[in-house]
Number of protein chains: 2
Amino acid sequence: MKNNNFCVIMAGGTGTRFWPLSTRKEPKQFLDILGVGKSLLQQTFERCKKISPVENIFVVTNEKYKDITAEQIPELEDNQILLEPEKKNTAPCIAYSIYKIENLDPNANIAVLPSDHLITKEDDFIKVIQEGFKFIAKKDALLTLGITPHRPETGYGYIQIGDQINSSNIYKVKTFTEKPDQELAQKFYESGEYYWNSGIFIWNLQSIKNAFKEHLPDIDSLFSKGMGVYNTKKEPEFISKVYFETKSISIDYGLMEKSQNVYVYTSDFGWADLGTWGSLHEFLDKDKNGNSVSGKNVMLYEVEDSIVKFPDKKIAVIKGLEGYIVVDSKDKLLIYKKNDEQEIKEIVENIQKNKGDKYV
Amino acid sequence: MKNNNFCVIMAGGTGTRFWPLSTRKEPKQFLDILGVGKSLLQQTFERCKKISPVENIFVVTNEKYKDITAEQIPELEDNQILLEPEKKNTAPCIAYSIYKIENLDPNANIAVLPSDHLITKEDDFIKVIQEGFKFIAKKDALLTLGITPHRPETGYGYIQIGDQINSSNIYKVKTFTEKPDQELAQKFYESGEYYWNSGIFIWNLQSIKNAFKEHLPDIDSLFSKGMGVYNTKKEPEFISKVYFETKSISIDYGLMEKSQNVYVYTSDFGWADLGTWGSLHEFLDKDKNGNSVSGKNVMLYEVEDSIVKFPDKKIAVIKGLEGYIVVDSKDKLLIYKKNDEQEIKEIVENIQKNKGDKYV
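Residues numbered from 1 in each chain as written. Chains lettered and ligands numbered in written order. Predicted model: local features only at pLDDT ≥ 70, side-chain atom pairs only at ≥ 80, totals over all residues. Heavy atoms only, no water.

Colleague: Explain the relation of the copies chain B and chain A residue by residue, including any values.
Modeller: If you rotate chain B by 180° and push it 0.0 Å along the axis, it lands on chain A with an RMSD of 0.1 Å. The operation mapping one copy onto its partner corresponds to a two-fold rotation axis. Among all residues of chain B, the minimum C-alpha distance to the rotation axis is found for Leu-321 of chain B, at 4.3 Å. Residue by residue, 100% of the interface of chain B is reproduced at the interface of chain A, so both copies engage with the same surface. (Least-squares fit on C-alpha atoms with pLDDT ≥ 70 in both. Contact = heavy atoms within 4.5 Å.)

Here is the structure:
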């Protein structure tokens, strides 16, 4: 029997907030940032293999990450690596994948997953996806995964739930909210009505196509013209043209927030968007002083609550830091207060502006 | 007319307190630690050229620094670079130089200078040395240079003055004191009787020889056996044997503190023993936040009163440090509180003990 379950892994990010480890040449999804022996992308792929047959797993990434993707996941055929000629946010990325998959299986159920998330309770995650697939197979619904919040996090978007569906964990979505300020986050956290927006989506191919037709008709029109060329040798040339023409817009803003048939599966599978050094720090092993240290020649004195990452061959002697990120990577070093880490993204953008791509 | 004025530059130190810039392979005297385009040794040599003819300047250093010394001071003949096979503190180092010089000029007046000191008022310094030479040429005296203290420094030794000589700046030495604690340093500083011990000596060859004979007869006996071999091809082999046999002792403890004919020339020629990063920091150019920064790609945010040194090609983004030493050198990095810098020496010694010479 044909398996209609597909996975699309979005792996085109540049992850500047993990600078200097993550760079445009090798962004965080390709790094073993948790120190487990596999990159975040490889871990995501391993999870997908428990959801779909390997041939139904697709990775969308930037052209320049073609080689590293193929190298990290040798099980993928070339046709399963979708290459974006430029960054156009998530809506075109998802449109590309679903129109290409339609060409292979018009009845596909598709899970769309970021490549750089941490999931600690994998079994729970698999169960949620499987139940999600069942829900969207029978219903014209755009399903998103909402995570029970553990703290009033200001770094995540939130989803407010509406009516519950048949005593399940699935609810109609009432509102989407972008990253809130501290006060609002606290209210969300206490209300019990708000869940973290994981950015993981599950939908039937026809449902998401209909949504594109309705809310992003120009994108639908561009990508649907390729039905004869997807999965052929002409695909790259076609995509190159389409990406040049398409607008840049997120799937959340362009489609999810506007659709009426949007649902959220509320759950808690040990999820984190490893967006910053600080969010990573929570999940790393720590010594008795709360430091997560990597590097074989790191000597710390009176260092607490810090992330310290050095290449094994570099010796580092550090005294007197509390709550810092200290990361050395080849010709780059960051020493930064963890509390101020949201600034790193902008600093890296400025470095690129002033010094070019060499250091970012 | 023959010039009897000689200079001996002691350049055998390993300068572990300037780790990671200063290493056993390239200690601080060979580094342009002030960022002036010349190493400390080269600057010392330039000063000596104003005191003695080039052929009367000798550098004593460790065997392993032969090449770097010759490279940095191409004006030196091989015979002017005295190579120590092992570290035996200052007394054997000085004995070697004076017995070798006796072979060239028994009437030599000799100034002995460390290679790693900072002198900002060079004209005053030259004048002091010249007057010192005049004093010891006529008198059987061991003259040392004492510096008017500017603060109750605990990192220097002190010299207490006794009787003044003929209304000059020269006094009999009453006592030598090792590095005092804070309370004692304060008393010394306020008394007006104490001067910093610069470790610069001036003496006539016969006076210092007599002092060796009296106070360090075993060293005198070892080195005086070589009168036929100094300045010949047999010198290295002889020195190798002598260094193996000689005890290790400082000139201060072994001789100066015991001699009766010890004098001090008190003056103030902008002297500093660049013993630590902190002492260096005083003399470097600083930005408006009190940071002395080197490296073309260093970006500081809320960093104050710190020494930050990076290779030009390395980019460093640093936020939130006050009173730190941050020095990156190839495979080594130090981030350390300036106030605790006295610990660095011991840490580097431990690194060598545990990891070998690779990192020190």
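Colleague: Tell me about the interface of chain B and chain A, and name the residues and values.
Modeller: Chain B puts 34 residues into the contact, and the matching count from chain A is 34 residues. Around 2,700 Å² of area is buried between chain B and chain A when both sides are counted, 61% of it from carbon and sulfur atoms. Per-residue buried area on chain B facing chain A is highest for Ile-315, Val-317 and Lys-319 of chain B; these three make up 25% of the total on that side. Remark: the boundary between chain B and chain A carries 6 salt bridges. Between Lys-319 of chain A and Asp-340 of chain B there is a salt bridge whose closest N-O contact spans 3.1 Å. Connecting chain B to chain A are 26 residue pairs in polar contact (both at pLDDT 80 or more). (Buried area = accessible area lost by both parts, 1.4 Å probe. Salt bridge = Lys/Arg side-chain N within 4 Å of Asp/Glu carboxyl O. Polar contact = N/O pair within 3.5 Å; in protein donor to acceptor, adjacent residues only side chain to side chain.)

Colleague: Give me the lowdown on the pairing of strand E1 (residues 5-10) of chain B, citing residues and values where you can.
Modeller: Residues and elements named next belong to chain B. Buried residues dominate E1, accounting for 6 of its 6 residues. Because side chains alternate across E1, one face comprises the buried residues Asn-5, Cys-7 and Ile-9, and the other comprises Phe-6, Val-8 and Met-10, equally buried. Bridging between E1 and strand E4 (residues 109-114) involves 6 bridges; their strand directions are parallel. Paired with Met-10 across the two strands is Pro-114, which belongs to E4. Looking at chain direction, E1 and strand E2 (residues 57-62) are connected through 4 bridges and run parallel. Following the sheet pairing, Val-8 is matched in E2 by Phe-58. (Buried < 20%, exposed > 50% of the residue type's maximum accessible area, 1.4 Å probe, protein only. Helix = DSSP H or I, 4+ residues; strand = E, 2+ residues; numbered from the N terminus. Pairing = 2+ DSSP bridges.)

Colleague: Before we move on, can you summarise the packing of aromatic side chains with the specific residues and values?
Modeller: Going through the model one piece at a time under the given rule, you end up with 37 aromatic pairs over all chains. A ring pair is formed by Tyr-99 of chain A and Phe-223 of chain A, whose centres lie 6.4 Å apart and whose planes are at 25°; its orientation type is stacked. With a gap of 124 residues between them, Tyr-99 of chain A in helix H3 (residues 90-104) and Phe-223 of chain A in helix H7 (residues 217-224) connect regions that are remote in the sequence. Residue Tyr-99 of chain A shares its accessibility class with Phe-223 of chain A, and that shared class is buried. Judged by centre distance (6.0 Å) and plane angle (90°), the ring pair of Phe-223 of chain B and Tyr-243 of chain B falls under edge-to-face. Of the two residues, Phe-223 of chain B is situated in helix H7 (residues 217-224) and Tyr-243 of chain B in helix H8 (residues 235-245); the sequence distance between them amounts to 20 residues. By the burial criterion, Phe-223 of chain B is buried, and Tyr-243 of chain B matches it. (Phe/Tyr/Trp six-rings, centres within 6.5 Å; stacked < 30°, edge-to-face > 60°.)

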